[in-house]
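# A closer look at the structure
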Amino acid sequence: MISNRARNSFDQMLMLGIKASMGGASPETCQIEVLANPKEIRETTVVMLTVASFLFRLSVMIYFSSDDATKAHFARLNNIDPTEMSDQAYLDAIRECGNICCGTLNRELSRVCPHVAMSTPNVIQRECVDHLDSLNGGHLQYFRATVDAGQQFHASVCVRDYADIDFDWTMIEETTAAGEMEFF
């Protein structure tokens, strides 16, 4: 069973990851809200990543479509002219966005749960995740993120628990000196 505190913490960590990965130069302008009806999600493709520990398996799905506005957003995030972004570069940018989002989640989870590991991103079709509720996980939540001038993306988190999970996460403000690097 996953406690309400832990569910809220999973959600807050994912929101932090979404802002870090999709917010671009101004992550504070990325607005995220819980989505009550997952049928509102219309994107056709999903990047999926997993963070796992001995206690749970957490899957993060970021939904996107291959339209001009989405391509332009990811081109801006990568400082590329959208007209020069190939299909492969576009998918790589989406995967990297997923890596940044899930890496943030993985880092924050490691503060409260020992032995967490993250998968590589997989791009799958939307139909593959339309039945997340059938996994009978302990926590399933959908989100809408609004970035830039109204560009919207959706994300979901599904946590399957293998033991009781209860923690209360609080973001720690970090200061980093210039020139330092973090090694994984």
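Scroll up to find the structure this text is about.
Right, let's walk through the structure included here. (Residues numbered from 1 in each chain as written. Predicted model: local features only at pLDDT ≥ 70, side-chain atom pairs only at ≥ 80, totals over all residues. Heavy atoms only, no water.)

## Side note on helix α2 (residues 68-77)
Listed in full, the buried residues belonging to α2 are Thr-70, Ala-72, His-73, Phe-74 and Ala-75. Those residues of α2 hidden inside the fold are in contact with α1 (4-22), β3 (56-64), α3 (87-110), β6 (139-147) and β7 (151-161). Downstream of α2 by one or two residues, Asn-79 has phi in the positive range, about 55°. (Buried < 20%, exposed > 50% of the residue type's maximum accessible area, 1.4 Å probe, protein only. Helix = DSSP H or I, 4+ residues; strand = E, 2+ residues; numbered from the N terminus. Contact = heavy atoms within 4.5 Å.)

## Re the nonpolar core
Taken as a class, soluble globular proteins show a tendency for nonpolar side chains to be buried jointly. In this structure, Phe-10, Ile-18, Phe-56, Leu-58, Leu-109 and Phe-167 are the most contacted members of the largest nonpolar core, which totals 41 residues. Going through the elements one at a time, α1, β2 (45-52), β3, α2, α3, β6 and β7 are the ones with two or more residues in this core. Per-element accounting of this core gives the leading share, eight residues, to α3. Apart from residues lying up to four places away in sequence, Phe-10 is in contact with Ile-2, Phe-56, Leu-58, Leu-105, Leu-109, His-139, Val-159, Ile-165 and Phe-167. (Core = buried A, V, L, I, M, F, W, Y, C linked by side-chain atoms within 4.5 Å.)

## What about the pattern of salt bridges?
Under the definition given, this model contains seven salt bridges. Between Arg-95 and Asp-92 there is a salt bridge; the shortest N-O distance is 3.3 Å. Taken together, the residues Arg-95 and Asp-92, both in helix α3 and three residues apart, mark about one turn of the helix. The partly exposed category is assigned to Arg-95, whose relative accessible area is 25%. In this structure, Asp-130 engages Arg-126 in a salt bridge whose closest nitrogen and oxygen atoms are separated by 2.5 Å. Owing to a relative accessible area of 15%, Arg-126 belongs among the buried residues under this scheme. Several salt bridges converge on common partners, so that one network encompasses Glu-33, Glu-40 and Arg-144. (Salt bridge = Lys/Arg side-chain N within 4 Å of Asp/Glu carboxyl O.)

Geometric values such as these leave the question of function open.
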